[in-house]
Amino acid sequence: MSNLMAFDTVFEQCSIALLADGTVIYEQTVPGGRGQTEIVLSLVDEALSQTNIKLSNIDCLAFNRGPGAFSGIRINTAVVQALSVAHETLCVGVSSLTALADTAHQIHRFAESSYITAVMDARQNQVYAGNFMIKHDNIQPIVDISNVYGNEFLVDYGSTMPADIIVGDGVSLINTNANIKLKIQPTASDIARLAWGEYQQGHAVRAEHALPVYLRDNAWKTLAEQGK
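Remember, it's a predicted structure, so these values are computed and weren't measured experimentally.

The rules behind the values
Residues numbered from 1 in each chain as written. Predicted model: local features only at pLDDT ≥ 70, side-chain atom pairs only at ≥ 80, totals over all residues. Heavy atoms only, no water. Phe/Tyr/Trp six-rings, centres within 6.5 Å; stacked < 30°, edge-to-face > 60°. Helix = DSSP H or I, 4+ residues; strand = E, 2+ residues; numbered from the N terminus. Buried < 20%, exposed > 50% of the residue type's maximum accessible area, 1.4 Å probe, protein only. Pairing = 2+ DSSP bridges. Axes fitted to C-alpha atoms, helices over the stretch in contact; angles between N-to-C directions. Contact = heavy atoms within 4.5 Å.

Colleague: Lay out the packing of aromatic side chains in plain terms, naming residues and giving numbers.
Modeller: Summed over all chains, the structure comprises two aromatic pairs. Centre to centre, the rings of Trp196 and Tyr199 are 5.9 Å apart; their planes meet at 45°, and the pair counts as tilted. Separated by three residues within a single helix, Trp196 and Tyr199 lie in helix H4 (residues 188-200), roughly one turn from each other. For the pair formed by Trp196 and Tyr199, the shared burial category is buried.

The following block contains the structure:
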């Protein structure tokens, strides 16, 4: 039996899920973006206690690697890296934008070849965005080979983005002719679902390669620099 533990502190929450052979056996989500470090560690203890599983029996650690809020990315990346080093556990990072698009598809089952754009408020008058298409009932990224991050990028507020479906908290910050506009919030169970497939395909990595994605070079700014 293979066990996977997944984390999300990027979507303004502390969320944890535990999978056994691909089936969710524990999940808990605490809303809010404050005190995440303490909360997420207590959730780890509770998950292990409730399922009678030890950290040494976890085969893979999955996390929301961003893009998104700097502190949220930093927290779940740091927790996963620390646990990985302590127990020599493999890791899988999952894109927040992919999680948005895939979660929306899991709920609504969009038609084949539907064009989906995931958008998250990046503050500083920008949104994080990623483009996807439904192929054989799965989410496939639309990759720009000139972009180092593949299908993930930053655009300014008010930019025009053509798509069939727009999903995320940045929906109201862009111009679009999309017929479907959705605001949803994935949890660690959604991160776990995506990570499980990556793990099964042998794409898990060691702690030193479990890296966050911020998209901004100047990811950390003071409140004054952010214009708040």
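More follows now that the structure is in view.
Colleague: Explain the pairing of strand S2 (residues 13-20) to me, and be specific about the residues and the numbers.
Modeller: With respect to burial, S2 is a largely interior element, eight of its eight residues being buried. By the alternation rule, side chains of S2 split into Gln13, Ser15, Ala17 and Leu19 and Cys14, Ile16, Leu18 and Ala20, which are all buried. One ladder, built from six bridges, connects strand S1 (residues 3-8) with S2; its direction is antiparallel. Paired with Ala6 across the bridge in S2 is Ala17. Counted between consecutive antiparallel strands, the loop separating S1 from S2 contains four residues, among which Glu12 sits at a positive phi close to 50°. The antiparallel pairing of S2 with strand S3 (residues 23-31) creates a hairpin that spans two residues between the two strands, and Asp21 there sits at a positive phi of about 50°.

Colleague: Let's hear about the sheet that holds strand S4 (residues 60-66): which residues, and what values?
Modeller: Sheet architecture is open: five strands sit in the order S3-S2-S1-S4-S5, paired in mixed fashion. Every interior strand has two partners, whereas the edge strands, S3 and strand S5 (90-95), have only one. Along the sheet, successive strands turn relative to each other by an average axial angle of 20°, direction set aside. Most of the contacts of helix H2 (residues 70-87) go to S4, to which it runs at about 155°, and overall it touches S1, S4 and S5.

Colleague: So, unusual backbone geometry: which residues are in play, and what are the values?
Modeller: Cis geometry marks the peptide bond from Gly66 to Pro67, where omega comes out at 5°. Turning to its location among the elements, Pro67 is positioned in the loop between S4 and H2. Its identity is not glycine, yet Ser113 carries a phi of approximately 70°, on the positive side. By the secondary structure assignment, Ser113 is in the loop between helix H3 (96-108) and strand S6 (115-121). Of note, the phi angle at Leu215 is positive, near 70°, even though the residue is not glycine.

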